[in-house]
Amino acid sequence: MRRLIFALLLPLLAVGCTLEDGAGDYREQVVVQSFLVAGDTLPGVRLSTTAPVGEVYDIDRRGIERADVRIELLNSDGAVEATLPYVGGVHG
């Protein structure tokens, strides 16, 4: 029974360990971090960029300063009802 389980898991382990295959597909993305609560004033927004696999993520190095941030109010259909320029604490 153990040999059967091992035989079934071995191909899965081989497939799961191919991390480097997609490493060349990395594209830096913007990360938006904030906790918005309905009815509360808008809190600070932290912007940064992602880091490639294997690189240490350092917010001081990856932070985005002086970004143009807008908060969009969506209606029940998901369309933009209002766009508000955000002048609160934007920081990296």
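Attention in this report is confined to the structure presented alongside it.

Scoring rules and cut-offs
- Residues numbered from 1 in each chain as written.
- Predicted model: local features only at pLDDT ≥ 70, side-chain atom pairs only at ≥ 80, totals over all residues.
- Heavy atoms only, no water.
- Helix = DSSP H or I, 4+ residues; strand = E, 2+ residues; numbered from the N terminus.
- Buried < 20%, exposed > 50% of the residue type's maximum accessible area, 1.4 Å probe, protein only.
- Areas by Shrake-Rupley, 256 points an atom, 1.4 Å probe, with all protein chains shown as cover.
- Pairing = 2+ DSSP bridges.

### Observations concerning the overall build of the chain
Here comes step 1: Within the chain one finds 2 helices and 5 strands.
Here comes step 2: Put simply, the chain runs from its N terminus to its C terminus through helices and strands in the order α-β-β-α-β-β-β.
Here comes step 3: Each of the 92 residues in the chain was classed as buried or not, and the buried ones make up 10%.
Here comes step 4: Per element, the accessible surface of the chain, about 7,900 Å² overall, is 58% carbon and sulfur.

### Looking at the pairing of strand 3 (residues 70–74)
Here comes step 1: As paired strands, strand 3 and strand 4 (residues 80–85) are joined by 5 bridges and run antiparallel to one another. Counted as the bridge partner of Arg70 is Pro85 from strand 4.
Here comes step 2: Counting the residues in the hairpin turn of strand 3 and strand 4 gives 5 residues, including Gly78, whose phi is positive at 90°.

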